[in-house]
Amino acid sequence: MSRAVTALDGATSTDGIATITEVALQGMITLRGDLASAGIKKAAKTVASVDVPGAGQANCSDDRGICWMSPDELLVLCPYDEVDASLDKIRSTIGSDHALAVDVSDARAVFRVSGAGARDVLAKLVPVDLKPQAFAGGMFRRTRMAQVPVAFWLHEEDVFQIVCFRSHARYVFDLLKVAAQPGSAVDFF
Amino acid sequence: MLILTCPCCGVTSEETEFHAGGEAHLTRFGPESSDAEFEGYLFMRENPKGVHFERWRHVYGCGKWFHAARCTTTLEIFGTYTAQTTEPPQEIRDIIARKRPGWSWRAFS
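Chains are numbered independently. Their residues run from 1 in the order of the written sequence. Each chain is given a letter, starting from A, and each ligand a number, starting from 1, according to the order in which they appear as written. Owing to the predicted nature of the model, reporting of local features is limited to residues with pLDDT of at least 70; listing and counting of side-chain atom pairs is limited to 80 or more, with chain, interface and lining totals taken over all residues. Note that water and hydrogens are dropped before the side-chain values are worked out from all heavy atoms of the structure.

A.B. asks: Looking at this structure, how should I read the overall build of chain B?
C.D. replies: Looking only at helices and strands, one finds two helices and six strands in chain B. Reading the secondary structure of chain B in the N-to-C direction produces β-β-β-α-β-β-β-α. Principal-axis analysis of the C-alpha atoms gives chain B an extent of 40 × 35 × 25 Å. Expressed as a percentage of its 109 residues, the buried residues of chain B come to 38%. We call two residues in contact whenever any of their non-hydrogen atoms come within 4.5 Å of each other. Here the contacts in chain B between residues at least 6 apart in sequence split such that 47% fall between residues at least 24 apart. Distance between charge centres in chain B, computed from 12 positive and 14 negative side chains, equals 4 Å. Strands here mean DSSP runs of E at least two residues long; helices mean DSSP runs of H or I at least four residues long; both are numbered from the N terminus. For every residue, the accessible area obtained with a 1.4 Å probe (protein chains only) is divided by the maximum for its type, and the residue is called buried under 20%, exposed over 50%, and partly exposed between those limits. All tallies of charge rest on Lys and Arg as positive and Asp and Glu as negative; His and the ends of each chain are not included. One atom stands in for each charge, and that atom is NZ of Lys, CZ of Arg, CG of Asp or CD of Glu.

A.B. asks: What am I meant to see in the interface of chain B and chain A here?
C.D. replies: The interface of chain B with chain A comprises twelve residues on the first partner and 14 residues on the second. Note on chain B versus chain A: buried area summed over both sides is about 960 Å², and carbon and sulfur give 52% of it. By buried area we mean how much accessible surface two parts lose on assembly, using a 1.4 Å probe and totalling the loss over both. It is Glu17(B), Tyr60(B) and Lys64(B) in chain B that bury the most area against chain A; as a group they hold 47% of the surface buried on that side. Just to be clear on terms, a salt bridge is a Lys or Arg side-chain nitrogen sitting within 4 Å of an Asp or Glu carboxyl oxygen. Across the contact surface, chain B and chain A share three salt bridges. Here Glu14(B) and Arg144(A) are joined by a salt bridge, their closest N and O atoms 3.6 Å apart. Any N or O atom pair separated by 3.5 Å or less is treated as a polar contact, with the protein-specific requirement of one donor-capable and one acceptor-capable atom, and with residues adjacent in sequence counted only for side-chain atom pairs. Put simply, chain B and chain A have seven residue pairs in polar contact (both at pLDDT 80 or more) between them. Only Asp, Glu, Lys and Arg are considered charged in this grouping, and only Ala, Val, Leu, Ile, Met, Phe, Trp, Tyr, Cys and Pro are considered nonpolar; every other residue, Gly among them, is considered polar. Taken together, the residues of the side of chain B that touches chain A sort by class into five nonpolar, four polar and three charged.

A.B. asks: Which parts of the structure should I look at to understand unusual backbone geometry?
C.D. replies: Note: most residues except glycine have negative phi, and most peptide bonds are trans. One non-glycine residue with positive phi stands out, namely Asp9(A), at about 55°. Inspection of the secondary structure assignment puts Asp9(A) in the segment before strand 1 (12–13). Residue class for Asp9(A) comes out exposed when judged on its relative accessible area of 57%. Notably, His25(B) is not glycine yet its phi reads approximately 55°, a positive angle. Residue position: His25(B) is located in the loop between strand 3 (19–23) and helix 1 (35–43).

A.B. asks: Sorry if this is basic, but what is going on with the layout of surface pockets here?
C.D. replies: It is the rolling of a water-molecule-sized probe over the atoms that shows where space remains empty. Residues and elements named next belong to chain A. Of the pockets and cavities examined, the largest pocket occupies roughly 290 Å³. Together, 18 residues line the largest pocket, and Met 69, Arg 108, Arg 142, Pro 149 and Phe 165 are the ones closest to its centre. Counted by class, the lining of the largest pocket contains eleven nonpolar, two polar and five charged residues. The definitions used throughout rest on a 1 Å grid laid over the protein atoms alone, on which a cavity is an enclosed set of points accommodating a 1.4 Å probe that cannot get out and a pocket is an open set flanked by protein within 12 Å on both sides along at least five of seven lines; lining residues are those having an atom within 4 Å of a point. Grid points are joined across faces, edges and corners, and a volume is the space filled by probe spheres set on the points.

A.B. asks: Looking at this model, I keep getting lost on the environment of Met28(A). Mind explaining?
C.D. replies: Residue and element names in this part refer to chain A. With respect to the helices, strands and loops of the structure, Met 28 is situated in strand 3 (residues 26–33). It is 17 Å that separates the C-alpha atoms of Met 28 and His 168, two residues lying 140 residues apart in sequence. Beyond its immediate chain neighbours, meaning those up to four positions away, Met 28 contacts Leu 75, Val 76, Leu 77, Val 83, Val 102, Asp 103, Val 104, Ser 105, Arg 108, Val 110 and Val 163.

A.B. asks: So what exactly am I meant to see when it comes to the environment of Ile77(B) here?
C.D. replies: Residue and element names in this part refer to chain B. Mapped onto the elements, Ile 77 comes out in strand 6 (residues 77–82). When the C-alpha positions of Ile 77 and Gly 10 are compared, they lie 15 Å apart, and in sequence the two are 67 residues distant. The contacts of Ile 77, once residues within four sequence positions are left out, are Leu 2, Ile 3, Leu 4, Ala 69 and Arg 70.

A.B. asks: In this structure, what is going on with the environment of Val113(A)? I would like to understand it.
C.D. replies: Residue and element names in this part refer to chain A. Within the secondary structure, Val 113 sits in strand 8 (residues 108–114). With relative accessibility at 0%, the residue Val 113 sits in the buried group. When the C-alpha positions of Val 113 and Ala 18 are compared, they lie 6.4 Å apart, and in sequence the two are 95 residues distant. Not counting chain neighbours up to four residues away, the residues in contact with Val 113 comprise Ala 18, Thr 19, Ile 20, Ala 118, Val 121, Asp 158, Val 159, Phe 160, Ile 162 and Leu 176.

A.B. asks: Teacher, can you tell me more about the side chain of Thr30(A) here?
C.D. replies: All names here are of chain A. Summarising the element assignment, Thr 30 is placed in strand 3. On the basis of relative accessible area, Thr 30 is assigned to the buried category, the value being 9%. Those residues in contact with Thr 30, other than ones at most four positions away along the chain, are Glu 73, Leu 74, Leu 75, Leu 100, Ala 101, Val 102, Val 104 and Arg 108.

A.B. asks: Just checking my understanding: could you explain the side chain of Ser184(A) for this structure?
C.D. replies: Mapped onto the secondary structure, Ser184(A) falls in the segment after helix 4 (169–179). Apart from residues lying up to four places away in sequence, Ser184(A) is in contact with Ile17(A), Lys124(A) and Ala179(A).

A.B. asks: For this particular structure, what's the right way to read the sheet that holds strand 5 (residues 64–70) of chain A?
C.D. replies: Sheet strands associate in pairs through backbone hydrogen bonding, adopting either a parallel or an antiparallel arrangement. All names here are of chain A. A pair of strands is considered paired only if DSSP assigns at least 2 bridges between the two. Across the sheet, five strands lie side by side as 4-5-6-3-7; this open sheet has antiparallel pairing. The two strands at the open ends of the sheet, each matched to only one other strand, are strand 4 (58–61) and strand 7 (99–103). Put simply, the sheet's adjacent strands are angled 20° from each other on average, direction ignored. By the bridge criterion, seven bridges tie strand 3 to strand 6 (residues 73–79) in an arrangement that is antiparallel. Note on strand 6: the bridge partner recorded for Ile 29 is Val 76. Across the sheet, helix 2 (residues 83–94) touches strand 3, strand 6 and strand 7, and the angle it forms with strand 3 is around 20°. Between N-to-C directions, angles cover 0 to 180 degrees, with each direction set by a line fitted to C-alpha atoms, over the stretch in contact for helices.

None of the figures reported here should be taken as evidence of function without further support.
Below is the structure:
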């Protein structure tokens, strides 16, 4: 069995106004279907052990959670080595409901931007209102970061977790690193 | 810059998070149609100064298509509505009628 590694092998940048870290391998399952169906809700819940969030929201704790991606799509987070077992559990729980569950863990990269300057750094790159009143804990947003699609949520106070496509990992890391370079604080928030 | 609200996921953002999909409410004419009908479907487009209806896609967000009613001169968005319709809903028409009395666009007014 080959050794699974993240896209940038845990790259970190600590000398800027925010700390940027590539997060260790994270299990991710795309679950598509009618989100009102009881089977799909139950399936996501059994794997992530949190409730299904409402539109534009995410319920995450540690490496488990559920993110609301679109009106018919959830991103279910679980530990990387439990993905296969989780998929089996999801499929058996859904039963006959029409749904799609796919392991996308290796198709994505996850970054964490933390520190007092985290909002500044992200606000330079995404067309989203990041005022603390406007973007609070529990919210989840898919958007554009410079030229690539990303999704992010506030993991805890001043800690953003960002998900992007694995092939964009280097680009996103470099973007964040430049946006966080020393002396570039905007102090808008 | 246009500020659009996606009716599918409720996110309000500026136009670079979306992608324009051309004129709205076209009737497709395919095989069996007359040459004139096919030409109209393929090439004939409105180019209004004022009220206009367009298709947009929330390409960096939820990925869904929707419709937007906007003004081409002021870039004001009158409203956005579902893609699953062949004509603008009455509430959008009412909003436009309040803001642009006497408007018309193709057969709609």
